[in-house]
Every structure is written in structure tokens, then in C-alpha cells.
Amino acid sequence: MKRKIFSLLIFTQICFSVLGQKAKKTTYIEVLERLAKQHKLELSYSSDLVSLSDSTEFIFSTNIDSCITELQEQTNLKITKTETHLIVAPKAPAYIHLQGKVVDAESGELLPYANILIEKAGTGTISNNSGDFDFKIQGRYAGSEVQFSFLGYESQKLEIPFTNKNKLTIKLIPKPYTLADIFVLPNGNEAVDIVKRAVKNIKRNYARNTFQMEAFYRNTNYRDTVASQLIEAALLIQDKGITKPAETSRIQIQEIRKSKNYLVPESQKEKLWGKTFERMFGHNNILYRSYNNYVRSYNTSWYYKPLTDYDNFKYEFEGFEWLDSIKVYKIKYTYDERNIDGTRASESKYAERAGYIYINSKDWGILKIEDWFKPLVTEEKLFVDNYFSKKEMGYQKINGKYYLKYTHDFPPANGSFSDSRNPDTPYGGKRQWAEATLLITNVITDKKEMDKIRYREKLARDENSYKTNYPYNPEFWENYNVLKENPVEERFVKEMEWEKSLNIQFEENSTSTNK
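Residues numbered from 1 in each chain as written. Predicted model: local features only at pLDDT ≥ 70, side-chain atom pairs only at ≥ 80, totals over all residues. Heavy atoms only, no water.

1. Notes on the overall build of the protein
Then, in step 1: Scanning the protein from terminus to terminus reveals 13 helices and 23 strands.
Then, in step 2: Scored against the burial criterion, the 515 residues of the protein give a buried share of 47%.
Then, in step 3: Partitioning the intrachain contacts of the protein with sequence separation of at least 6 by distance along the chain shows that 66% fall at a separation of at least 24.
Then, in step 4: A total accessible area of about 27,500 Å² is found for the protein, and carbon and sulfur atoms account for 49% of it. (Helix = DSSP H or I, 4+ residues; strand = E, 2+ residues; numbered from the N terminus. Buried < 20%, exposed > 50% of the residue type's maximum accessible area, 1.4 Å probe, protein only. Contact = heavy atoms within 4.5 Å. Areas by Shrake-Rupley, 256 points an atom, 1.4 Å probe, with all protein chains shown as cover.)

Next up, the structure:
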């Protein structure tokens, strides 16, 4: 009996010892140091192997070869044992470039702003507005998966190779909803109930702690359909979370370049109106304006509240779309304030102010918002000389939280508050207009990896980036990978360079001393 009790105690002690070893977290470099010490080997490795600092619950085997095999699988590193050394080297290069395009598998149509997520890293990028992508991944993620997804399509996964790959074609299969789905809402809810529930879950679905985003901004201006100005910037955005006011966000310009301005100057009347507006409300910098989106400012925006003003908007269920196997509600909202004469804004025969909200049926996250103001052609006239505006914003989910993915807008040209009209030109007949895109290229949630933006480093909200000159660093732009993902349209470049090259224009419109 005593022998059985003694054996049981020994067994229990061994179990607790193993469990304790398993529960004790360490890093891969500490594991390798211990392994080398046990077998009297000298450890040799490069300090830039970042995966060595990752935490692990690695359990040692009595066989060193088994340990090495397991470590190689976990770290994607090559570990070699010699008589005197334990040598650690990367299986893949420091960075792997993936280049290609995301297309509709049936039609071959390019898919803009497709989400590209490295699941193991919790980070990713998106395809550009033409569906192309060209981005680099840390070599330590070779062998893991990158996921490509787009609203209305089945996602595709690709194993990250150990070498660079170009001319990749990622074919996403459309997943349409059935006609029967269009008219069916869960539990008899109305469209407005879907919106209310999504808004109720904003604080749960969107990051509440401080995070940072690396972003690329492009503003292209046109005059009578001809390219007239280009502004591009690499930005660092610091957001304190969804529970803090949008005004607490900070933007730092890492690099910026501006071409010559070939736009028609504002008239005296337009300048006077602009100055009056700025005195009343201040100048809203174009970069902060591009970061503004309805989810981020859902309960603070003073101007337009499709997510919270249920009295002055009406909502209609437009059907389902798919995100993999998840249904996405498509809700149309229309501005419907009551006019003085008792009619509703939605009854206007001149113009429509409306949009779509796409809501994940599983977690009630808002995936995309489209917003527009468009004229309605009538027998009487074309409302406000055919004025038109549209804004679109998409969101991506990383590590269980949603973050802004992109915004795309058609703001007034050159930061003005009004535009001259010409009914013979596109984009609503504006004689001058701009197209602005903000792409989020990286989301940083680990505070240790953040480059905190101090108050004196942030861009002032009232700074007019159209008129201010900044330093120009051509070497940065030559090596800026995001430009490969988002090349300027060839026609635009050709029209801008009728007088002189863009590089010369960038130099002349900077604070460079080499003018």
C-alpha cells in the first residue's frame, strides 16, 4: 500500500512538473540558448531574426534532433547542428514581395480595395483602386497564409512562399444572394432596427484603445477633365479609440509632395465666401478631412448623421451580400427631413441625398458605407447645375476589431468651398473637381511598436496643405512601396507634364533649398 502511495506521489510530482514547464512561457532565443548550453554548443544567430523574440511554451525533448525539428516548424528558421555550434539562419529572406491582382473569377473584372490579411501577423493591406497589389511581408511569415477577401465573394487563401512572387492572379468567386433573401429580415425587424443594432455594437466592434495607422493619401485635381494638380503624402495616424472624440486623433506627415497648380484661381466672390466660412468654422485640413468617416464620428458629427438621426432619415432593406459564408445586410438610407411646407426631403424631384450601409449579420460590424448627393433630371431643370458628390469608406477586421481600410471622395478642387460649373464635363458637371483617396497600409495595435506622435509633431487641423510648401525627399518616393501598389494613371501624368516633368514640379513646390 505504501509503495502504491509513493508511486502515486511521484507520478503527481512529474505531472505538475510537466504542466509547470508547459505553462511557463519563454522566448525562442531563450529556448535555443538553453538547448545549446545543455549540449555544450556555441549558439550562432543574427540579431535581425525577429521571430526569435516571439514567446513560446516549447517543451523540450530528450532528443536534440527532435527539438531542432520542432523549432524549425514553429519559427520557419533553419537550425543546423555541428560538432561545435548550433547555427540559426532564416529559411526565407528578410522580406518577401508579393505582386499581382485580385479579379472576379467569372468575369475577370479587377476588384478594387480587396482586403489582404496576413492572419498570423494580424496585419495586411488592400489592393489599389485598380485591383492591383504589390507589398512586402516579413520573411518570418513564409509558410503561413495570406487571405484575400472582398464583399460579395468567397475568400481565397494563399500560402506565403519563401521567395518573391510576381504576376499573381487571385481569382475570387462571386457569391450572389438569392432573390428570396431580398425581402426577408430576421425576426421581423425593420431596416432601421438593423442600423440601430450595428450602432449599439460600435463600441464593442471598433478599437477602444490607442492604435496607429500608416496611410497613403492621394489628391488628384482636374480642370475641364484635364489633370491640373497632384498631391501625395505618406502619413502616420494616431487614434485614441472609438470612445474618444474624433478631434483627439493626430496626423503626422512623414513625407509629402505637390505638383504645380494649373487650376483656375477662385473668383473674388468665391475667395470672400471661403474666408467667411473659415472665420466661422476654421479651415479643415484636407488630410484630416480624408480621415473623417461616419463610424469614427457617428455620435459627434454636427452635419450629417445617417447612423444616429433616425427622425430625419428613412431606411430600406436592399438585400444581402456575402462575405465568405457570412450574410451582409445592405441597407439604403435616404435623407428625409421635413421641409417648411410639410413635404419630406426624400420627396424632392430635384436631388437625392442617400447612401448604403453594409452590416455584418454575425457581429453587427459596419463593413462599408457609401454616401452620395446626386441631382435628379426633371423637365424643369437640372438641379444646382448638375452638382454631384460621393464618398465611400470601407473597414477591415484585424484581431477581432474593425479599423478604417480606405476612404474615397470627390471634394471641391484646391480646397475651395464652392466650384464653378460646366454641364459638359463629367463628375456632375463641375468645371473643376478633385478625387481624393486615403489608403490604410498598416495597422499597429502593439504600443511597443508605435512611434508616438507628440503634440508638436502633429499636423495642425487648420493648416492649408494646398497652400503650404513642405520639404521634398525624392529618394523616399523612389523607394516608397505603396506607389507600386497605386501608380498614378498614365493619362494623368502625361497631362500634368505638358510643361515640365513632375519631379521638377515637386521640387519647385517644396521648401527645398536646391531650387
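2. What about the pattern of salt bridges?
Then, in step 1: On inspection of all chains with the given rule, the structure shows 11 salt bridges.
Then, in step 2: The shortest N-O distance in the salt bridge between Arg218 and Glu232 comes to 2.6 Å. In this pair, Arg218 is assigned in strand 14 (residues 211–223) and Glu232 in strand 15 (residues 226–239), connecting sequence segments 14 residues apart. Residue Arg218 shares its accessibility class with Glu232, and that shared class is buried.
Then, in step 3: Notably, a salt bridge pairs Arg353 with Asp371, separated by 3.3 Å at the nearest N-O pair. One end of the pair, Arg353, is in strand 19 (residues 351–360); the other, Asp371, is in strand 20 (residues 366–375), and 18 residues separate them in sequence.
Then, in step 4: Judged by its relative accessible area of 4%, Asp371 falls in the buried class.
Then, in step 5: Overlapping salt bridges bring together Arg218, Glu232 and Arg257 as one network. (Salt bridge = Lys/Arg side-chain N within 4 Å of Asp/Glu carboxyl O.)

3. Describing the environment of Ser259
Then, in step 1: Looking at the element boundaries, Ser259 is found in the loop between strand 16 (250–258) and helix 7 (268–281).
Then, in step 2: For the pair Ser259 and Glu507, spaced 248 residues apart in the sequence, the C-alpha separation amounts to 8.3 Å.
Then, in step 3: Beyond its immediate stretch of four places on either side in the chain, Ser259 contacts Gln229, Leu230, Met496, Leu502, Gln505, Phe506 and Asn509.
Then, in step 4: Looking at Ser259, its side chain comes within polar contact range of the main-chain nitrogen of Leu230, at 2.8 Å. (Polar contact = N/O pair within 3.5 Å; in protein donor to acceptor, adjacent residues only side chain to side chain.)

4. Here's the deal with the side chain of Asp371
Then, in step 1: Here the side chain of Asp371 touches Tyr333 through a polar contact of 2.9 Å, side chain to side chain.
Then, in step 2: Within the structure, the side chain of Asp371 is placed 3.3 Å from the side chain of Arg353, a separation counted as a polar contact.
Then, in step 3: Sequence-distant contacts of Asp371, defined by excluding residues within four places in its chain, comprise Tyr294, Tyr304, Tyr333, Arg353, Ala354, Gly355, Ser389, Lys390 and Lys391.

5. What about a positive patch on the surface?
Then, in step 1: A cluster of basic side chains, namely Lys203, Arg208, Lys240, Lys244, Lys452, Arg454 and Arg456, defines a positive patch on the protein surface.
Then, in step 2: Along the chain, Lys244 falls in the loop between strand 15 and strand 16.
Then, in step 3: Judged by relative accessible area, Lys244 falls into the partly exposed class, the value being 39%. (Patch = residues over 30% accessible without salt bridge, like charges linked within 9 Å, V, L, I, M, F, W, Y side chains within 5 Å. Lys, Arg positive; Asp, Glu negative; His and termini not counted. Charge placed at Lys NZ, Arg CZ, Asp CG, Glu CD.)

6. Comments concerning helix 2 (residues 28–38)
Then, in step 1: Turning to helix 2, its buried residues are Tyr28, Ile29, Val31, Leu32, Leu35 and Ala36. Buried residues of helix 2 fall within an arc of 155° about the axis and therefore sit on the same side.
Then, in step 2: Buried residues along helix 2 sit in contact with strand 1 (26–27), strand 2 (42–44), strand 3 (55–56), helix 3 (64–75), strand 4 (77–81) and strand 5 (85–90). (Arc of directions from axis to C-beta.)

7. Some words on the confidence of the model for the protein
Then, in step 1: Model confidence for the protein is summarised by a mean pLDDT of 81, while 81% of its residues fall at 70 or above.
Then, in step 2: Considering only residues more than four positions removed or in separate chains, one finds that residues 14–23, a stretch of pLDDT under 50, has 5 contacts.
Then, in step 3: In this model, residues 378–386 is a region of pLDDT below 50 whose contacts with residues beyond four sequence positions or in other chains number 15 contacts. (pLDDT = per-residue confidence, 0-100.)

8. A closer look at the nonpolar core
Then, in step 1: In this structure, Leu307, Ile331, Ile359, Ile366, Ile369, Tyr395 and Leu438 are the most contacted members of the largest nonpolar core, which totals 64 residues.
Then, in step 2: Counting residues per element, this core draws most heavily on helix 5 (residues 191–200), which supplies 6 residues.
Then, in step 3: Those residues in contact with Ile366, other than ones at most four positions away along the chain, are Ala198, Ile202, Tyr206, Val295, Leu307, Ile357, Tyr358, Ile359, Tyr395 and Tyr402. (Core = buried A, V, L, I, M, F, W, Y, C linked by side-chain atoms within 4.5 Å.)

9. Some points on the packing of aromatic side chains
Then, in step 1: Evaluation of the coordinates by the stated rule reveals 24 aromatic pairs.
Then, in step 2: When the ring of Phe313 is compared with that of Tyr333, the centres are 6.0 Å apart and the planes differ by 70°; the resulting orientation is edge-to-face. Taken together, the positions of Phe313 in strand 17 (residues 313–323) and Tyr333 in strand 18 (residues 326–335) put the pair 20 residues apart, joining distant regions of the chain.
Then, in step 3: Residue Tyr333 is classed as buried on the basis of its relative accessible area, which comes to 0%.
Then, in step 4: Cluster of aromatic residues (ring-pair linked, three or more members): Phe216, Phe476, Trp477 and Tyr480.
Then, in step 5: Seen from the ring of Tyr310, Lys196 lies directly overhead, with NZ or CZ sitting 5.1 Å from the centre.
Then, in step 6: Lying across the ring of Tyr356, Lys330 places its NZ or CZ 4.4 Å from the centre. (Phe/Tyr/Trp six-rings, centres within 6.5 Å; stacked < 30°, edge-to-face > 60°. Lys NZ or Arg CZ within 6 Å of the ring centre and 35° of its normal.)

10. Focus: unusual backbone geometry
Then, in step 1: With a phi close to 60°, Lys167 is a non-glycine residue in the positive phi region.
Then, in step 2: Looking at the secondary structure, you find Lys167 in strand 13 (residues 165–174).
Then, in step 3: Positive phi, normally seen in glycine, also occurs at Trp364, with a value near 65°.
Then, in step 4: Checked against the element boundaries, Trp364 lands in the loop between strand 19 and strand 20.

11. Description of the pairing of strand 20
Then, in step 1: Burial within strand 20 is extensive, with 9 of its 10 residues counted as buried.
Then, in step 2: Where strand 19 lies against strand 20, 9 bridges are found, and the strand directions are antiparallel. In the strand pairing of strand 20, Arg353 is matched with Phe373.
Then, in step 3: Between strand 19 and strand 20, which pair antiparallel and follow one another directly, the connecting turn spans 5 residues, one of which, Trp364, has a positive phi of 65°. (Pairing = 2+ DSSP bridges.)

12. What about helix 5?
Then, in step 1: Within the span of helix 5, buried status applies to Ala191, Val192, Ile194, Val195, Ala198 and Val199. All buried residues of helix 5 lie within an arc of 155° about the axis, which places them on one face of the element.
Then, in step 2: Residues of helix 5 that are buried sit in contact with helix 6 (202–205), strand 17, strand 18, strand 19 and strand 20.

13. Observations regarding the environment of Val31
Then, in step 1: Relative to the helices and strands, Val31 resides in helix 2.
Then, in step 2: Sequence-wise, Val31 and Ser55 are 24 residues apart; in three dimensions their C-alpha atoms are separated by 10.0 Å.
Then, in step 3: Contact partners of Val31, with chain neighbours within four places excluded, come to Thr26, Thr56, Phe58, Phe60 and Leu71.

14. Describing the environment of Leu32
Then, in step 1: Checked against the element boundaries, Leu32 lands in helix 2.
Then, in step 2: Here Leu32 falls in the buried class, since its relative accessible area comes to 3%.
Then, in step 3: In sequence terms Leu32 and Leu52 are 20 residues apart; their C-alpha atoms lie 9.0 Å from each other.
Then, in step 4: When near neighbours in sequence (up to four residues on either side) are disregarded, Leu32 contacts Leu43, Leu52, Leu71, Ile79, Leu86 and Val88.

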